[in-house]
Amino acid sequence: MNRCSPPTKAGRRSRCWPTASYSDDGKTLTIAIRQGLKFHSGAELSSADVVASLERFRESAGIGAAFKNIVTAITAPDTNTVVLELATASPIVPGLLAGAQAVIMSSASLEGASPTEATRGLDCTGPYVLSEYRPDQGAVLTRWDDYQSVSAPTSAFSGAKHAYADVINLRLMPEASVRRDSLITGEIDIAMELPTDFYDALQNDPNTEAVVVPNNQSLAVVLNTKDGVMADVNLRRAIYYALEMEPIMLASVGNPDFYTLDPSWIPDNNSFWYTTAGVPEGFGTPNPDKVKQYLAASNYNGEPIRWLVASEQYQKHFLPAITASQQLEEYGINVEIVESPMANYIQARADAAQMDAFSSFLPTYVDPTSIAFLNATYPGFWTDPEKMELMDKLASTIDADERKALFEKVHALAYDQFPWIKYGTESNMYGIRAGVGNPARVPSRGYDLYNVAPPAQN
C-alpha cells in the first residue's frame, strides 16, 4: 500500500497516490493493493489478508486503538481492493497505516491468534523470512529471494527495502557490557542500546564506531490517574515540582552531552509537532513552595507509591526511578520501587490496582493521535473530559495549523494535570563494526536492519 494525503478541506478530494483515494466527504478511503505479491508461505496476497491484518491491528493496544477510534469498518469489495469507512473525515489514517504496527500478514497465519499477543505463525511479504526463533535467546532472519520491493525512494520504514545481508542473526544480550565486548571482538556487527559510558571505548577502537542518534526519546514516569494514591491531581503536581531533572537524566544517561532538559512531548525538535506549550516556568528545577502547597491540598498521608520498573531496563527505568525517589523522600513522599521482568512489568502496569506509577519513555510519533500515553486505555488511564474532547477534534480536524493549536492545548493540559512527568530528552547510542553500511542515524529509522549492509568479508 502506498501513502496518500487526506483532503485539504472537508468535501474536497484528496491528493493521493493512484492506488488510494478518499471520497469527496473524506469519510471513505479506498485502497487498491499491489497485485502479484506473495507471502513467505507462497500464498498470494489478497484483500482478505489486508482486512484480517487491519482488524487485528484495530484490536491491538497503543496505536491500534487510535486506528480503531477513527476506522469504523474495513471491507473488501473484491480481491484487490480494501475500503476503510471512517467515523469522520480524518488526516491520521495514512500515518497509522505507515507504521510497522500495521504490518500485513496472511489471514491463514492469523486465524485464532490473539490481537494482543505475538502471532506464532509469522507469514509476511517482507525482504526477510523468520527462519529460526529461540525464546529468550534470539532469532534468525534469512533473505527471501522472492521479495518484491516498491520502487519509491527509501525513507525510514517506507519506500524501497534492500536486503543487503544474506542472514540477520538477532541475539539477545541483556548485559550492555557483553554487547560492547562482543562488538569489539568482532563476534557481532551491531550492538544496540548501549550506555553512553561506552562512547570513548568504541571511538578509540579502530574497528568500531559509536553511532549517536540525537533527540531520540523522552524519559518519563507515567502516573495512574484512575485509581489509588496517584489519582489525586494535587499529589501529581507536588511530585512534578519536587523533581530536579538534571540529576535524574545524569543518572540514566551518564553524560550531559547525550541529553537535553527539554520539556516537549515530541522529543525531535525538527518535528512539526514540537512544542513547549503550557510548560511551567523553570522546567527541571524544583519549587519547594509549590510542593508544600499541593501536598497540603492533596489527600496524601505518606502511603507508599508503587513504582514499576522492568529489570531489563536498568538505565532508563531503574536509575531514574531510584534518583527521583530519593528526591521525593525529602518531602515525605514515599516510593516503593517494584522491579520485575519485562513481561511481568507490562502485565502489572495494565492493572490500575497493581501500580501507582511506572517508568517509561516516549519517541516521536508521526501524529499526536498515535502517542500511546494519550490513549485513554493505555496504562495511566488519562480520561479527563477536556483531553478526550481535544483528542477527538485532533483526529477529525484537517487543517495542519488548527491541529497544531489543538495539540498545544493537550500539551498544556498535560502540564497542568501531570498524567505523566518527563525528565528530559535522551540521545540513543549504539555501536557498529567498521564497514557496516547505511546505519540508522535519525530517530525515524528505528530498527530497519533490512537497509543496513554488513561489513565486507576478508
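Residues numbered from 1 in each chain as written. Predicted model: local features only at pLDDT ≥ 70, side-chain atom pairs only at ≥ 80, totals over all residues. Heavy atoms only, no water.

## Brief notes about helix α9 (residues 288-297)
Consideration 1: If you check which residues of α9 are buried, you get V291, Y294 and L295. Viewed along the axis of α9, the buried residues span an arc of 105 degrees, placing them on a single side of the element. Within α9, the exposed residues directed more than 90 degrees away from the buried face are D289, K292 and A296.
Consideration 2: Buried residues in α9 make contact with α7 (233-242). (Buried < 20%, exposed > 50% of the residue type's maximum accessible area, 1.4 Å probe, protein only. Helix = DSSP H or I, 4+ residues; strand = E, 2+ residues; numbered from the N terminus. Arc of directions from axis to C-beta. Contact = heavy atoms within 4.5 Å.)

## Examining a nonpolar patch on the surface
Consideration 1: Where nonpolar side chains cluster on the molecular surface, the patch consists of L122, L130 and Y133 and spans about 310 Å² of accessible area.
Consideration 2: Its location among the elements puts Y133 in strand β5 (residues 128-134). (Patch = residues over 30% accessible without salt bridge, like charges linked within 9 Å, V, L, I, M, F, W, Y side chains within 5 Å. Areas by Shrake-Rupley, 256 points an atom, 1.4 Å probe, with all protein chains shown as cover. Salt bridge = Lys/Arg side-chain N within 4 Å of Asp/Glu carboxyl O.)

## Let's talk about the sheet that holds strand β3 (residues 71-78)
Consideration 1: With antiparallel pairing, the four strands of this open sheet are ordered in space as β1-β2-β4-β3. Both outer strands of the open sheet, β1 (20-22) and β3, are each paired with one neighbouring strand and no more. Each strand of the sheet is rotated relative to its neighbour by a mean of 15 degrees, with strand direction disregarded.
Consideration 2: In this structure, β3 lies alongside strand β4 (residues 81-86), joined through five bridges in antiparallel fashion. By the bridge assignment, D78 is partnered in β4 with T81. (Pairing = 2+ DSSP bridges. Axes fitted to C-alpha atoms, helices over the stretch in contact; angles between N-to-C directions.)

## What about the pattern of salt bridges?
Consideration 1: Per the counting criterion, the structure on display carries 14 salt bridges.
Consideration 2: Residues R58 and E55 are paired through a salt bridge, measuring 3.3 Å at the closest nitrogen-oxygen approach. With R58 and E55 both in helix α1 (residues 47-58) and three residues apart, this pair spans about one turn of that helix.
Consideration 3: The exposure class assigned to R58 is buried, which follows from its relative accessible area of 12%.
Consideration 4: Of the residues examined, E55 reaches a relative accessible area of 29% and is grouped as partly exposed.
Consideration 5: Taking the shortest distance from any N to any O, the salt bridge between K422 and D262 comes out at 3.9 Å. Linking K422 in strand β14 (residues 420-433) with D262 in the loop between β10 (259-260) and α9, this pair joins segments that are 160 residues apart in sequence.
Consideration 6: Under the relative-accessibility criterion, K422 is labelled buried at 1%.
Consideration 7: Residue class for D262 comes out buried when judged on its relative accessible area of 15%.
Consideration 8: Beyond isolated ion pairs, a larger network of salt bridges with shared partners links E193, K316 and E426.

## Here we look at the packing of helix α8 (residues 245-253) against helix α10 (residues 314-329)
Consideration 1: Put simply, α8 and α10 touch, their axes get as near as 8 Å, and they point 150 degrees apart. Taken together, the axes of α8 and α10 lie roughly antiparallel to each other. Seen from above, α8 lies across α10 with right-handed handedness. Between α8 and α10, the residues in contact are P247, I248, A251 and S252 and Q315, K316, L319, P320, T323, A324 and Q327, respectively.
Consideration 2: Taken together, the residues of the contact of α8 with α10 sort by class into six nonpolar, four polar and one charged. (Parallel < 35°, antiparallel > 145°, perpendicular 65-115°, else oblique. Left-handed = near helix turned anticlockwise from the far one by under 90°. Nonpolar A, V, L, I, M, F, W, Y, C, P; charged D, E, K, R; others polar.)

## Some thoughts on the pairing of strand β12 (residues 335-340)
Consideration 1: Where strand β11 (residues 305-310) lies against β12, six bridges are found, and the strand directions are parallel. Note that in β12 the partner of V309 across the bridge is E339.
Consideration 2: The parallel pair β11 and β12, bridged by α10, forms a crossover whose chirality is right-handed. (Right-handed = clockwise from strand over helix to strand, strands pointing away.)

## Some words on the sheet that holds strand β6 (residues 138-143)
Consideration 1: Taken together, the three strands give an open sheet; going across it, the order is β5-β6-β7, and neighbouring strands pair in antiparallel fashion. Because the sheet does not close on itself, it has two edges, and the strands there are β5 and β7 (167-171). Adjacent strand axes in the sheet meet at a mean angle of 15 degrees, parallel and antiparallel pairs treated alike.
Consideration 2: Bridge count between β6 and β7: five bridges; the pairing is antiparallel. By the bridge assignment for β7, G138 is matched with R171.

## A closer look at the environment of V103
Consideration 1: If you trace the backbone, V103 turns up in the loop between α3 (93-98) and α4 (107-110).
Consideration 2: Sequence separation between V103 and V50 is 53 residues, and the spatial gap between their C-alpha atoms is 9.0 Å.
Consideration 3: Apart from residues no more than four positions distant in its own chain, V103 is found in contact with S53 and C124.

## Section: α1
Consideration 1: The terminal C-alpha atoms of α1, which comprises 12 residues, lie 16 Å apart, in line with the 16 Å expected from a rise of 1.5 Å per residue.
Consideration 2: Within α1, nine of the 12 residues are buried, leaving the element largely enclosed by the surrounding structure.
Consideration 3: Among all positions in α1, only S47, D49, V50, V51, S53, L54, R56, F57 and R58 are buried. (Expected span 1.5 Å × (residues − 1).)

## Description of the side chain of R58
Consideration 1: A distance of 3.0 Å separates the side chain of R58 from the backbone oxygen of V71, its partner in a polar contact.
Consideration 2: Excluding anything up to four places from it in sequence, R58 contacts G64, A65, F67, K68, V71, T72 and I74. (Polar contact = N/O pair within 3.5 Å; in protein donor to acceptor, adjacent residues only side chain to side chain.)

## Some points on unusual backbone geometry
Peptide bonds are, in most cases, trans, and in most cases residues other than glycine have a negative phi.
Consideration 1: With a phi close to 50 degrees, F418 is a non-glycine residue in the positive phi region.
Consideration 2: Within the fold, F418 resides in the loop between α13 (400-417) and β14.
Consideration 3: Not every positive phi belongs to a glycine, and N438 is a case in point at roughly 60 degrees.
Consideration 4: The topology assignment puts N438 in the segment after β14.
Consideration 5: Under the relative-accessibility criterion, N438 is labelled partly exposed at 43%.

## Quick word on the packing of aromatic side chains
What describes a pair of aromatic rings is the distance from one ring centre to the other and the angle between the planes of the rings.
Consideration 1: Tallying each qualifying case throughout the model produces 18 aromatic pairs.
Consideration 2: Here the aromatic rings of Y415 and F418 are separated by 6.1 Å at their centres, their planes lie at 80 degrees, and the arrangement is edge-to-face.
Consideration 3: Directly above the ring of Y241 sits K290, whose terminal nitrogen or CZ lies 5.6 Å from the centroid.
Consideration 4: Lying over the aromatic face of F272, K404 brings its terminal NZ or CZ to 5.1 Å of the ring centre. (Phe/Tyr/Trp six-rings, centres within 6.5 Å; stacked < 30°, edge-to-face > 60°. Lys NZ or Arg CZ within 6 Å of the ring centre and 35° of its normal.)

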